Amino acid sequence: MSQPLLRPRVATRPKTQRPPLHKVILLNDDYTPREFVVEVLKAVFRMNESQALAVMMTAHRKNACVVAVFARDVAETKATEATELGKANGFPLFFTTEPET
Ligand code: TYC
């Protein structure tokens, strides 16, 4: 059998699959002190004071704020760690995760 005369002009390079990222979301509550929320954001998410303050105030005013996006396991570990810090100090502070659309 003869070879085809023309090669395809577009390379058929397979698309690299990346796992979907997940958002960590901070939820507001009426009891956790603002300064405690700021300290947790700095400790767990490596934010500086002004970044942490901005995220805390957005959650306070709008009831929730996206903190950061990570691979799913990292997002879940950080959300749990941050929520546990609140719990260990008697506060209902809560972080959740959801897949990025
Ligand atoms: N609303 C809290 C207060 O007034 C502070 C707070 C902000 C708590 C953001 C949680 O995600 C939060 N003490």
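Residues numbered from 1 in each chain as written. Predicted model: local features only at pLDDT ≥ 70, side-chain atom pairs only at ≥ 80, totals over all residues. Heavy atoms only, no water.

Asks: Honestly, the packing of aromatic side chains in this entry has me stumped. Any pointers?
Replies: The relation between two aromatic rings is expressed through the spacing of the ring centres and the mutual angle of the planes. Applying the stated rule across the entire model yields 3 aromatic pairs. The structure contains a cluster of three or more aromatic residues connected by ring pairs, namely F45, F70 and F95. (Phe/Tyr/Trp six-rings, centres within 6.5 Å; stacked < 30°, edge-to-face > 60°.)

Asks: I keep staring at the site of the ligand and nothing clicks. Help me out?
Replies: The ligand sits among L26, L27, N28, D29, T32, R34, V37, M56, A59 and H60. Contacts to the ligand include L27, whose backbone N or O atom sits 2.8 Å from an oxygen atom. Contact distances for the ligand include 2.9 Å between a nitrogen atom and a side-chain N or O atom of H60. Here the ligand loses 89% of its free accessible area of 350 Å² to cover by the protein chains. Contributions of two or more residues to the shell around the ligand are made by strand 1 (21–27), helix 1 (34–45) and helix 2 (49–62). In terms of residue count, the dominant contributor to the shell around the ligand is helix 2 (3 residues). Along the lines of polarity and charge, the residues of the shell around the ligand split into 5 nonpolar, 3 polar and 2 charged. (Near = heavy atom within 4 Å. Polar contact = N/O pair within 3.5 Å; in protein donor to acceptor, adjacent residues only side chain to side chain. Areas by Shrake-Rupley, 256 points an atom, 1.4 Å probe, with all protein chains shown as cover. Helix = DSSP H or I, 4+ residues; strand = E, 2+ residues; numbered from the N terminus. Nonpolar A, V, L, I, M, F, W, Y, C, P; charged D, E, K, R; others polar.)

Asks: What is the right way to read the sheet that holds strand 2 (residues 64–71) from this model?
Replies: The strands making up a sheet are joined through hydrogen bonds of the backbone, oriented either antiparallel or parallel. Here 3 strands make up an open sheet; going across it, the order is 2-1-3 and the pairing antiparallel. Because the sheet does not close on itself, it has two edges, and the strands there are strand 2 and strand 3 (94–99). The sheet shows a mean angle of 30 degrees between the axes of neighbouring strands, direction not considered. Here strand 1 pairs with strand 2 via 7 bridges, running antiparallel. In the sheet register, L27 faces strand 2, and the bridge partner there is A64. The sheet contacts of helix 2 involve strand 1 and strand 2, and relative to strand 2 the element is tilted by about 130 degrees. (Pairing = 2+ DSSP bridges. Axes fitted to C-alpha atoms, helices over the stretch in contact; angles between N-to-C directions. Contact = heavy atoms within 4.5 Å.)

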